[in-house]
Structure formats: C-alpha cells, structure tokens
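Structural description and commentary
For reference, the chains in residue letters:
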Amino acid sequence: MANNNYKNGGGGGVKTKSISSSSSFSSSSGYKSKPSVTSGLRRSSTGSVSNSTGGSHKDTPGVSGRVRVAVRLRPRNNEELSTDADFADCVELQPELKRLKLRRNNWDSDTFEFDEVLTEFASQKRVYEVVAKPVVESVLDGYNGTVMAYGQTGTGKTYTLGRLGDEDTSARGIMVRAMEDIFAEISPETDSIYVSYLQLYMETIQDLLDPTNDNLSISEDPKNGDITLPGATLIEVRDQPSFVELLRLGEAHRFAANTKLNTESSRSHAILMVHVKRSVKEKDSVSTIENGSSKSHMSRTMKPPVVRKGKLIVVDLAGSERIDKSGSEGHTLEEAKSINLSLSALGKCINALAENSSHVPVRDSKLTRLLRDSFGGTARTSLVITIGPSPRHRGETSSTIMFGQRAMKVENMLKIKEEFDYKSLARKLDVQVESLIAEHERQQKAYKDEIKRISLEAKKQVSEAEKSYADTLEKERLKYQRDCMESIKKLETQLAVKQSNDESRHKTSNGELIEVKKLLQNEILLRKSAEEEVKKLQNQVMQYKKSEVAGNAEILKLRKKLEDEVHQKEKLEEEISMLQNQLLQLSFDADETRKQIESGDHSIEMTPDMGSLVSPVRQPQIKYSGEQEKGPVAKLFGQVGLQKILSLLEADDPDVRIHAVKVIANLAAEATNQEKIVEAGGLTSLLSLLTTSEDENIHRVAAGAIANLAMNESNQELIMSQGGISLLAMIAENADDPQTLRMVAGAIANLCGNDRLQIMLRAEGGIKALLGMVRCRHPDVLAQVARGIANFAKCESRASTQGIKSGKSLLIEDGALPWIVKNANNEVSPIRRHIELALCHMAQHEVNAKDMISGGALWELVRISRDCSREDIRILARRTLSSSPSFQVELKRLR
C-alpha cells in the first residue's frame, strides 16, 4: 500500500469535513424503491427456514433487488493542481439531489442520477455505511453479497476498498470495516468465518495467500450453479488482527507497476471472499394443549438447528486506462490489454443484463464467470464508481459514469441460503447419550456399592448375634446346672431330715410326694436339654479346630514358597555378581584397547558434523570402526540381554554403573539397537541418571547416548516430552569438561533439526544452553554449537517459506546474532561452514534483514558469496542477497 491517502491517486489526499455519516444506502432516496428488503432481512435474522417455521419474512427467497451504484469523486492530486490550475473540474456534484453534472463545455453539461453521490470530502466511514453496510447485513442474514469498485486507474478504488488504516484508523477501507461489523455480530462458539483472497492477473486466477497456487480453475456446481474455486486457500479467522494480517500478506503478493497515471498502479483484479456460517436460534413455539405430551417435547428436542451461509465478495478491479496516456510498454502493455479486455467483457455482460438480452456472454472472461452471481444472480450487489475531476480525462470519466448508469438497470433475485445442521444435532445427541450412559453406570455402581455395604452389615450383625447367642446360651446352661444341683441337694437334705426325724412324715400325702417327683422330673429334663446344648457347642468347637488345621497347612505351604523365593533371590544375586565381574572385565579390556589405539592404532571412526555423537572427541571408548570393543559388547548383549544391562544402571557400585552406561552408549550408536533401547526404558533411565548422578563421567557418556538416540525423529519427541532438553541445559550450565559439553551440545544440535520442536526447545532453554556453552572455547564444542544453530536456522527458513512462521528469528531474539557474526570467518572449518549456512538461512526471511544489517551480518554474507570454499553455500548467499529488497537497498546506499 502506498503512503499517500489514495493508492491510485498520485499525491492527492481526502480532506475530512464534519459531515453526518448516519445515513446509509437503505435510507437514501435512491434506495426508497424497496426499503423493506434490508429491514426484512434484519428482522428475520433469528428465524429458521421460512417454509418449515411458518413465519413470514418481507425479504423471502426470490425477492428482486436492483444493483445499487454510488459515485465517489477523488480530489485533485499535486500534478493536477499544477497543470490544470486554470481549468475548472469536468464534473459538478449535487449530493443533496444525488445528481452529477458532466460538463461538455463551459455552457453545456449532462446530468446523471445515482443512488448516492459522495464528494471528495466524504469520509471512509460514510462511504462504508452507504455502500457496503447494507450488503454486510444481508450476508449476516444468509444472503450472498458483492461490493465492487470500478473506475479509471488512479481514482482511488484500492483506497476505498483495501485501505488498512495502520497509521490513521479513520482511513480504514471497506474490507476492514466490513469484517469489524461481521465479528461484532457473530458468536465465536457457534459461528465461523472463512476467508479467501485471490487476484485475476492476465486471465489467470492466483491465490494471494499461497503464491504457489498460481493457476486456479473455476468449476460450477451442476445442481445449484454456484461458482467455486477448487484448490484456493480457505483460512478460518477468529479475530480482526488475524484478518488484517491476511490482507497485508495478500497485498504483498499483488502485482503493481509504475505508470504515468499512477506510481503504483494495480495490474490485477483483487477478489476477497468471506464465507460466513451462522447458527439461527429458533424461538420455542407455544403449545395450545393444556397438558403437553412428551412426544411433542421430543420432536422439538430432536429438531436440527438451522444454519445460514452467506458469502461476501469484495472486488477491487484494476483501473481502465488508455495506452497513450498511461505510457505502458512491453510487459506492462500486455497487462493493460488483459485488464481492458476483462473490463470490456464485464461491460458487455452488464449491457446485456440491462437490456434483458436472451444471451449474456459470461464465459468471455474469467472475471465475468466469477461475478456471475453478482450481476443477474442471487447476490445483493453494491457498486462504487470512482472518478477524477481533471478535464484532461473527461472521456474516461464519461465512460465510468455510463458504466454505472447501465449497472443500475441490472436486477438480481435475492435468495437466502439456509440448511439444517444435522452434524451439530448428532454431536448434541452423542453428548446426551454419553451423559445418560455415564449416569446409568454411576447409578449401577452406587447400587452395587449399597448392596455390598448392606451385605457386609448383615454378615456383621449375624456374626454378632451368633456370638451373643452362644454366650447367653452358655450362661443359661451353667445357671440351670447350678440351680439343678442345688435343688437336688436341697431335696435330698429335706428327705433325709424327714426320714431321720420321724417315719410318720414318710406317710405324707401322695399329692405332696407326686408334686416333688414332678419337680424332680422337670429338673432332669432341664439337665438333659442343657447337655444337648453342650454337645452342639462341642461339635462347633470341633469344626473350628478342623478349619484351624487347614489354615496351618496353608501357612506351611506359604512358608515353603517363601523359602523358594529366598533361594531364587540368592541365585539372582549370584548372577548379578557374575554380570558385574563381566562388565568390569569388559571395561578393563576396553581401557587396554584404548591405550593400544592411542599408542599406535588410529582406526577410530569420528563423525564431526551432522552425525551421531557416540563418544567425546578423542575418547574412543564408546564407538570404534574396528571390532576391538564392538565384539565384546555384542557378545555381552547377546548373552545377558538388554533388560539386565539396563538394570545395572541402578547398581549401588559407581564403577558398575558407569560401565553399564558405556555399554548402553555403544549399543545406541547402532541404529538397529535404538528402538530396542527406547522400548526397554533405556531413554528414561539415561535421563534419570542425568538427574540423580553427580558423576561427570556418567553425565558425559549418558549425554552421548542421548545424542545418538536423538538422531531418530520419533526419539526426539520422546526426549522433549520427558524433559530431556531441560536436563541437558542443566548439565551444560554446571559442566566444565569440554568433552561433556561437546556431548550435550551435540544432543541439543540433533534436536534443533526437528521442525515441530522449535518452539518447545526454545521455551525450555535449548537455545540459551547452546549459547552458554560457547564459554568453553574448545573448537569441538564450538563446532557442535554452530551445527545446532545451523539446524535451527534451517528449520526456521523452511517454516517461513511454507508460511507457518512470519515473525523474527528466535535466534536473533535470544541474542545469537553477535556470536554468529563474530565466528563467521572462524579458522576452524566445521565452525565456519555451519555459521555460513546459518547466516544464509536467516537472511532468507525478510523480517530478519534489518537486524542482520545493523549487526554486521550483511558484510559476512557478501564475503561468503565471494570467498566461501563450498560452491553450494556461495550460490545460496548470492541468491539470498539478490532476492532481499532490504539488502539490495543497503548495498546500493553504501556503494
């Protein structure tokens, strides 16, 4: 967008004036022929499909709506103020009468009427309210709508429609203001907005949001005749800032050229498509039945919600121009021819529609096919024609006015687009079913718990009752037994006394003797019953003793199992001791082999760049190219098994633990073993060692093993998810040994190569940890730091190219640029090569150019393009310098 008020206006600006902007198209005199259309739409916004609800709408499907046309006059620009100072304007506006006079000469003029006449003092807000706001309201109610600008190049079409208003919010154009009203009306929970931004350039439809889609095709739905663009980018927007960013992105990809009439003339037709999907909340109908049935309630609940789909199209047409006035030549001339042909085809279609011709040539141009629904279709259409005051362009002004006059005769048939949202109803019913199932399960569980509780309480009460009954029975038996014995003794004593004192008393009455015998018999019966109870209790005691014997037998079995477990434990301890001895022997053999290699044999495989970090630099105890240590490790791996080796990582003996880590590191160097180590929990054990162990040797070897595992993309995500980057950053901060720092830097460098982990890696301190390790000036450490920065910069460049990332480089934000520039010409080849790659990748994103220029990176890029030893890096640097406008401007300034 140009900095002047009009994109197509040379140097002129719109002068603001205190004019009321409360009126709109629907309230103007040109719109009084059908004022019920807009109001009817607004009143019916809460209704459902008109045929199903029985409601009446004033603007039902099939309502006729004429194309509304407004004319806007651009003020004179600087060139016209100087060259045409002695000439009067070729037009005279009468806004209160909605008329425009076009002067033929000083004494004669032609008069034209429009729906709205906007002077050069009309504000952007008033232009929006009278031109576009009624269309936006119709789109919110489920209709299609079109807002289009037509006019000579340099008369302010792009200013009227596409002005973003970054510096002056009052200068916002129709696109921005329309989306503000749409966002104010919709509900984010139930409604959605999708946006496409296209341009028609040289009869080719191109996607402004994805420049790679540079030849989109037009297809037509055979059922309803709707025009669609398969393959066009369709982005959902949730707020106004994101929409403005999409407009800014699209404007950056639009074609423009410098002509005599306009310094930044649009060479393509820009088309903004906004798809609005709104859910309609239907009012519940009042039942006339006193006792409502459940069936009617269910029918209202099962009725699917109604969705209204409206589409807003905003078309910024390229300006019509005459070749002799614009001075176009070469490719610009071909562009002008294509623009004039498409505008001529549009004019033919409007002429045919205005004259009710049987044939409308909509297939003569892709522009007319795209606007098929806007003229003579089902959309509400508003056209704003822009003109200039200069008498030198009276012919172009007259042509524009006549185009608007013919467009006012075109009638459209407005049709609302509503449908039932069965998917939403299905989701709602699924939620209800899941809720009912969960509630049923909760009730079932509560019922089972209550049954269980009652059963336990009943068992407890029965047990207590049986115990109480047994105690009471025993007490009663003892009591009866004592009473019986006492009664017998008492009777015997009385009988003996009676016999000794007087024999005559033996002759007492038979009744007394019988009574005594009855008492005695009763006592005997009581005694027998008591003895039977005693026998029952004895039987219960025998049963208890039998169960006790069975319990003792079970205890003996458990003791035997315990003795077997103890014996098995002793065997395992003996086996662990043997494994420890084997590890110690293996470590001893590895140290002997390392000494032999250091003394004479140098067959060690070292991978200084982009590969795995198996062991610290110049310490070959983890990975060798020969079979000196690989053979024993493979033999131990086959004999012992991975699980037993991993179990030694938790051994109490530190020597056993460090040798076990070395074995795991050697195994991790082979790609075939990495998946087995991760599945067996080796990665988790290695990360745990970094936390629990304070031995720097363990830290060094464990970091090397993690670096090897980080070569696999799936392992990288596991390392990040288990907090591996935080642990590596902690080790990097506390370690001083160059070899340990090299291992940690290599692990982080491998993680930097994953596109999906960049944000998480930076948030958890990965970049800070890399930059912190440059305090160790060891070249091997610096090489791994440079490699990590190069990987990170490459991922950022790839994300920027794909449109995923648009902000400044995270490396620049974390302060890595000074160190990169300082080491760009390092004498160590690996460091220099990685730094050169990082600079080239960072420079490919234009948003980094300003910081790189101020930080001195531009001169390093120039040096790389000339002196780099690798041809591919030189070519990349040259291409980056030539494709960056900021770099080119700076180099030109310095030259």
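Just so it is clear, the structure is predicted and the values come from calculations on it, not from any experiment.

1. With respect to the sheet that holds strand β3 (residues 91–94)
Strand pairing in a sheet relies on backbone hydrogen bonds. The paired strands run either parallel or antiparallel. Spatially, the three strands line up as an open sheet ordered β3-β4-β5, and their pairing is antiparallel. This sheet does not close on itself; its edge strands, each paired only once, are β3 and β5 (109–113). Strand-to-strand twist of the sheet, defined as the mean angle between neighbouring strand axes without regard to direction, takes the value 20°. In terms of strand pairing, strand β4 (residues 99–103) meets β5 through five bridges, oriented antiparallel.

2. Examining the side chain of E836
Among the secondary structure elements, E836 is positioned in helix α30 (residues 829–843). Looking at E836, the relative accessible area reads 3%, which means it is buried. Apart from the residues lying within four places of it in its own chain, the contact partners of E836 are A824, R863, I864, C868 and I873.

3. Topic: helix α27 (residues 779–801)
With 23 residues, α27 should reach 33 Å at 1.5 Å per residue; the first-to-last C-alpha distance of 33 Å fits that figure. When you tally the buried positions in α27, you get 19 out of 23 residues, the bulk of the element. Just downstream of α27 lies G803, where phi reads positive at about 80°.

4. Comments concerning the packing of helix α11 (residues 331–354) against helix α13 (residues 394–407)
Two elements in contact, α11 and α13, have axes whose closest approach is 9 Å; the angle formed by their N-to-C orientations is 40°. If you check the angle between α11 and α13, you find them oblique. The hand of the α11/α13 crossing is left-handed. Touching L346, G347, I350, N351 and A354 of α11 are F403, R406 and A407, all from α13.

5. Quick notes on the pattern of salt bridges
Across all of its chains, the model carries 37 salt bridges by this definition. The salt bridge partner of R99 is E113, with a shortest N-O separation of 3.3 Å. With R99 in strand β4 and E113 in strand β5, this residue pair connects regions lying 14 residues apart in the sequence. D449 serves as the salt-bridge partner of K445, at 3.2 Å between the closest nitrogen and oxygen. Taken together, the residues K445 and D449, both in helix α14 (residues 422–501) and four residues apart, mark about one turn of the helix. On the accessibility criterion, K445 (52% relative accessible area) is exposed. Overall, the relative accessible area of 41% leaves D449 in the partly exposed class. Through salt bridges with shared partners, one network takes in R66, R68 and D115.

6. Quick notes on the packing of aromatic side chains
Here the structure, examined in full by the defined rule, presents two aromatic pairs. Taking 3.8 Å as the distance between ring centres and 10° as the angle between the ring planes, the aromatic pair formed by Y150 and F403 counts as stacked. Of this pair, Y150 sits in strand β7 (residues 145–151) while F403 sits in helix α13, and the two are 253 residues apart along the sequence. As far as burial versus exposure is concerned, Y150 and F403 are alike and both buried. Summarising the aromatic geometry, the rings of Y201 and F255 are spaced 4.0 Å apart at their centres and angled 15° between planes, so their arrangement reads as stacked.

7. Looking at the environment of L771
For L771, the position within the fold is in helix α26 (residues 766–772). For L771, a relative accessible area of 16% corresponds to the buried category. Setting aside residues no more than four positions away along its own chain, L771 makes contact with I789, D814, G815 and A816.

8. Focus: the pairing of β7
Counting buried residues in β7 gives seven out of seven residues, a clear majority hidden from the surface. Neither face of β7 is left uncovered, since the one carrying G145, V147, A149 and G151 and the one carrying T146, M148 and Y150 both have all their residues buried. Taken together, the five bridges between β7 and strand β16 (residues 306–316) define a ladder with parallel strand orientation. By the bridge assignment, V147 is partnered in β16 with V314. As defined by bridge partners, β7 adjoins strand β17 (residues 380–387) across seven bridges and the pair is classed as parallel. Considered in β17, the bridge of G145 is made with R380.

9. Regarding the packing of helix α32 (residues 857–867) against helix α34 (residues 885–894)
With their axes 11 Å apart at the nearest point, α32 and α34 run at an angle of 90° to one another. Looking at the two axes, α32 sits roughly perpendicular to α34. The residues of α34 that touch α32, namely those facing L858, W859, L861 and V862, are F887, E890, L891 and L894. For the contact of α32 with α34, the per-class residue count stands at seven nonpolar, no polar and one charged.

10. Concerning unusual backbone geometry
If you check the backbone angles, M202 has positive phi at about 55° while not being a glycine. Among the structural elements, M202 can be located in the loop between β8 (192–201) and β9 (204–207). Given the relative accessible area of 31%, M202 is considered partly exposed. A positive phi angle is found at N356, which is not glycine, with a value near 55°. Classification of N356 by relative accessible area gives exposed; the value is 69%.

11. Side note on the confidence of the model for the chain
The predicted structure's coordinates, where accompanied by low pLDDT, should not be read in detail. Averaged over every residue, the pLDDT of the chain is 79; residues scoring 70 or more account for 80%. Low pLDDT, under 50, characterises residues 1–61; the stretch is placed with 165 contacts to residues that sit more than four places away or in other chains. Across residues 600–630, where pLDDT falls below 50, the model places 85 contacts with residues more than four positions away in sequence or in other chains.

12. A closer look at the side chain of K311
With respect to the helices and strands, K311 occurs in strand β16. Here K311 is buried and forms no salt bridge, its nearest opposite-charge partner D373 lying at an N-O distance of 6.0 Å. Not counting chain neighbours up to four residues away, the residues in contact with K311 comprise V139, Y143, N144, G145, I227, V274 and H275.

The rules behind these values
Residues numbered from 1 in each chain as written. Predicted model: local features only at pLDDT ≥ 70, side-chain atom pairs only at ≥ 80, totals over all residues. Heavy atoms only, no water. Pairing = 2+ DSSP bridges. Helix = DSSP H or I, 4+ residues; strand = E, 2+ residues; numbered from the N terminus. Axes fitted to C-alpha atoms, helices over the stretch in contact; angles between N-to-C directions. Buried < 20%, exposed > 50% of the residue type's maximum accessible area, 1.4 Å probe, protein only. Contact = heavy atoms within 4.5 Å. Expected span 1.5 Å × (residues − 1). Parallel < 35°, antiparallel > 145°, perpendicular 65-115°, else oblique. Left-handed = near helix turned anticlockwise from the far one by under 90°. Salt bridge = Lys/Arg side-chain N within 4 Å of Asp/Glu carboxyl O. Phe/Tyr/Trp six-rings, centres within 6.5 Å; stacked < 30°, edge-to-face > 60°. Nonpolar A, V, L, I, M, F, W, Y, C, P; charged D, E, K, R; others polar. pLDDT = per-residue confidence, 0-100. Lys, Arg positive; Asp, Glu negative; His and termini not counted.

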